[in-house]
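# Commentary on secondary and tertiary structure
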Amino acid sequence: MVSRRRFLGSATAVAGAAAGFAALPHSAPARAAGRIAPEVVVRPGDARYAELAERGYNNRFVATPDEIWLVHSAAQVEKAVNQAVADNQRVTVRSGGHCFEGLVDDPQFRLLVDLSEMRGISFDPKMNAFAVEAGARLGEVYKALYEGWGVTVPGGVCPEVGVGGHVSGGGYGPLSRRYGLVVDHLYAVEVVVADRRRGARTIVATRDAGDPNRDLWWAHTGGGGGGFGIVTRFWFRTPGASGRPSALLPKPPARMRKTVVSWPWSELTEARFTRLVLNHGAWHAANSAPGSEYSVMHSSLQLHSSITGTIELEIRMDATLPRTSQLHDDYIRAVNAGVGLEPTVDITEGSWLDVTLEPTPSYGDYGRQKSMGGHLRKPLTESQVRALHRSLSDPSHYGAGLVYLAAYGCRINTVQSSATAIPQRDSVFKLWYSNNWADPAQDDYEVEWLRTLRKNVHGATGGFPVPDGRQDGGYINYPDVDMLDPAQNTSGVPWYSIIWKDNYPRLQRVKNTYDPHNVFRHAMSLTPS
């Protein structure tokens, strides 16, 4: 059943993965060669302003601050926050700029703290952990940790994403079924907060049981970025790990297999589409428990709008195991069973770093976006799948719609839901609905298309994946401000309970303690009580 159209060896994979990644600093730029970096404040009229202001992912939202502080140290962040408080400026922070909503690029924000120059990655012997500044990109982190020490963190699939928001929201990725979420390896955070006197100060909070600031560390294991303070640095060390630096974090596989299985929309009837998605769901429900032989495999079913021509199943797995080929082929067979359509199967293999640093495909001119996401404890039902098909095959829709079902579970589900701020620890899928388009004149129509899809799938629970026996709530890194609107969220369940469930009260206490004057706030942050 499985055909292999091509096999790319390491030479080809290296060429594709190396593009765009130069040699990386292993120490903070602010301290390079013993120099202190200058303070950089960019205002409208400066030639640099447009490029800095427009770094956001979603073209529906463009920042227009009075000042952009391109910072190089926690001390500079403190100064920026103190000015914002003194001058009554709304302050916000940007790491990689990949927020899907307007939580950063909001016209209310008048001072933008840009962390993109804080990209240092090093081993800190005093903390016995790896220090990563919050402006680093995931690809930079993977490259520095692997080339320096042969280790990694189980973060996201997109190498361009910034560490600051990804980690603070409880990020996951292709190695998470094997090693857990990235925050399961977070030892400490450095955070600039605004105290009761409104003065900025820097706190280092660790997971150590006796740390008086431990709750501040905990809030950044899934509570989201920009709502409690500004994180300037993370430290990573796996709990219980000891010895040399190379033993303190997970080691990725020496080689990875990446496969893209695709089915043409032109031959996907509703019955075939439904069978395919139900097969995929049933397989993951049966193979996502802790200890599963398939913990070495990550996959994502990418249900694109019919206008794109195909739907795809992307697979990433350890290529060094004796049973790699059998596990791989059995999985594809199970997903395609009874569909009655032969898929195209493209297989590549290369080093873990080659595969991991492959650039994420761009939407090009389709830079306007609306999305939301969450978690599933059980697969989508047949009626929910048919609702997906109706929206994705709508002939009047010309946006690049996507339903993304990412494999979850296994090692992720061995952690107690209260151990980290992200509480979803018994799910089998991460779910994301997305729509991209080009024309601003189509904003209302395209946003409504995504809303209609979401409402049709989750109509029984007020239009969102409210936690119950089948669903397990939202995800702050897939934000949707519609969750705050009672006209959209008709579930009667507050947005923060949909995202953080029983962890919300503790997060609220952290907010009250470390940001009592609500200096750090956006549309989906907590308000001091």
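The name given to the chain in an unreviewed UniProt entry is FAD-binding oxidoreductase, with Streptomyces cellulosae as the source organism. Per UniProt, the chain has the following entry under Sequence similarities (unreviewed entry): "Belongs to the oxygen-dependent FAD-linked oxidoreductase family." Quoted straight from UniProt, the Cofactor (unreviewed entry) entry for the chain says "FAD".

## Description of helix α11 (residues 382-392)
Listing the buried residues of α11 in full gives Gln384, Val385, Ala387, Leu388, His389, Ser391 and Leu392. For α11, the secondary structure elements touched by its buried residues are α8 (270-286), β12 (297-304), β16 (400-407), β17 (429-437), α12 (443-457) and β18 (471-474).

## Regarding the packing of aromatic side chains
Applying the stated criterion across every chain yields a total of 19 aromatic pairs. One aromatic cluster is present, formed by Tyr57, Phe100, Tyr172, Tyr404, Tyr408, Trp432, Tyr475 and Tyr478 through successive ring pairs. The ring of Phe464 carries the charged tip of Arg454 above its face, separated from the ring centre by 4.0 Å. Over the ring of Trp218 we find Arg506; its NZ or CZ atom is 4.0 Å from the centre of that ring.

## Notes on the sheet that holds strand β10 (residues 230-236)
Pairing in this open sheet of five strands is antiparallel, and the strands run β6-β7-β10-β8-β9 from one edge to the other. Both outer strands of the open sheet, β6 (121-124) and β9 (200-206), are each paired with one neighbouring strand and no more. The average angle at which neighbouring strand axes cross in this sheet is 25 degrees, direction not considered. Where strand β8 (residues 186-194) and β9 come together, seven bridges link them in antiparallel fashion. Residue pairing across strands places Val191 opposite Ile203, the latter belonging to β9.

## Some thoughts on helix α4 (residues 138-149)
Taking 1.5 Å of rise per residue, 12 residues should cover 16 Å, and α4 covers 16 Å from first to last C-alpha, within 8% of that figure. Contact partners of the buried residues in α4: β6, β7 (129-133), α5 (163-168) and α10 (352-356).

## Regarding the packing of α8 against helix α9 (residues 324-336)
Remark: α8 packs on α9, axes separated minimally by 7 Å, with the N-to-C direction vectors making an angle of 135 degrees. Accordingly, the angle class assigned to the pair α8 and α9 is oblique. Between α8, through Leu276, Asn279, His280, Trp283 and His284, and α9, the contact on the second element is made entirely by Tyr331, Ala334, Val335 and Asn336. Its residues assigned to classes, the contact of α8 with α9 shows five nonpolar, four polar and no charged.

## Brief notes about the pattern of salt bridges
Enumeration according to the criterion identifies 35 salt bridges in this entry. Two residues, Glu147 and Lys143, come together in a salt bridge whose shortest N-O distance is 2.9 Å. Of this pair, Glu147 and Lys143 both sit in helix α4, four residues apart, which is roughly one turn of the helix. Using a relative accessible area of 16% as the deciding quantity, one classes Lys143 as buried. Between Glu448 and Arg451 there is a salt bridge; the shortest N-O distance is 3.8 Å. Taken together, the positions of Glu448 and Arg451, both in helix α12 and three residues apart, correspond to about one turn of that helix. Exposure remark for Glu448: the relative accessible area of 33% places this residue in the partly exposed category. Each of Glu101, Lys370, Glu448, Arg451, Arg454, Asp480 and Asp482 takes part in one network of salt bridges that share partners.

## Concerning the nonpolar core
Grouped together as the largest cluster of nonpolar side chains are 129 residues, with contacts concentrated most on Val113, Leu303 and Leu388. Here this core gets six residues from one element, more than from any other, and that element is β8. Setting aside its immediate chain neighbours within four residues, Val113 contacts Trp69, Val71, Val77, Ala80, Val91, Thr92, Val93, Arg94 and Ile230. Counting nine residues, the second largest nonpolar core, distinct from the first, contains Val40, Tyr49, Leu52 and Leu112.

## Some thoughts on the pairing of β12
Side-chain positions along a regular strand alternate between the two faces of the sheet. Burial analysis of β12 places eight of its eight residues in the buried class, the great majority of the element. Remark: five residues form the turn of the hairpin made by β12 and strand β13 (residues 310-318), two consecutive strands paired antiparallel; Gly309 in that turn has positive phi of roughly 100 degrees. Relative to β16, β12 runs antiparallel, the two sharing five bridges. Directly across from Leu301, in β16, lies its bridge partner Leu405.

## Structural notes on the pairing of strand β14 (residues 344-351)
Of all the eight residues making up β14, seven are buried; the element is thus mostly covered by neighbouring parts of the structure. Where strand β11 (residues 255-264) meets β14, eight bridges bridge the pair, whose relative direction is antiparallel. Looking at the pairing, Val261 lines up with Val345 of β14.

## Concerning the sheet that holds strand β3 (residues 67-70)
The four strands are arranged β2-β3-β5-β4 in an open sheet whose pairing can be described as mixed. The sheet is open, and its two borders are formed by β2 (40-42) and β4 (91-94), each paired with just one other strand. Each neighbouring strand pair of the sheet contributes to a mean axis angle of 25 degrees, computed without reference to strand direction. Two elements, β2 and β3, share three bridges in a ladder whose sense is antiparallel. What sits directly across from Val42, in β3, is Ile68. In this fold helix α3 (residues 74-86) packs onto β3, β4 and β5 (111-114), with an angle of close to 160 degrees to the strand it touches most, β3.

## What to know about the environment of Pro174
One can find Pro174 in the loop between α5 and α6 (176-179). Each C-alpha atom, one on Pro174 and one on Met297, is 7.5 Å from the other, the two residues being 123 residues apart in sequence. Leaving out residues up to four positions away in the same chain, Pro174 has contacts with Gly155, Gly156, Val157, His298 and Arg316.

## Side note on unusual backbone geometry
Backbone geometry follows two general trends: most residues other than glycine have a negative phi, and most peptide bonds adopt the trans configuration. One non-glycine residue, Asn88, lies in positive phi territory at about 55 degrees. Summarising the element assignment, Asn88 is placed in the loop between α3 and β4. Of note, Asn518 is a non-glycine position whose phi angle comes to about 55 degrees, a positive value. As for its position among the elements, Asn518 is in the segment after α14 (504-514). For Asn518, a relative accessible area of 13% translates into the label buried.

The rules behind the values
- Residues numbered from 1 in each chain as written.
- Predicted model: local features only at pLDDT ≥ 70, side-chain atom pairs only at ≥ 80, totals over all residues.
- Heavy atoms only, no water.
- UniProt positions renumbered as here; feature names shortened; annotations may be inferred.
- Buried < 20%, exposed > 50% of the residue type's maximum accessible area, 1.4 Å probe, protein only.
- Helix = DSSP H or I, 4+ residues; strand = E, 2+ residues; numbered from the N terminus.
- Contact = heavy atoms within 4.5 Å.
- Phe/Tyr/Trp six-rings, centres within 6.5 Å; stacked < 30°, edge-to-face > 60°.
- Lys NZ or Arg CZ within 6 Å of the ring centre and 35° of its normal.
- Pairing = 2+ DSSP bridges.
- Axes fitted to C-alpha atoms, helices over the stretch in contact; angles between N-to-C directions.
- Expected span 1.5 Å × (residues − 1).
- Parallel < 35°, antiparallel > 145°, perpendicular 65-115°, else oblique.
- Nonpolar A, V, L, I, M, F, W, Y, C, P; charged D, E, K, R; others polar.
- Salt bridge = Lys/Arg side-chain N within 4 Å of Asp/Glu carboxyl O.
- Core = buried A, V, L, I, M, F, W, Y, C linked by side-chain atoms within 4.5 Å.

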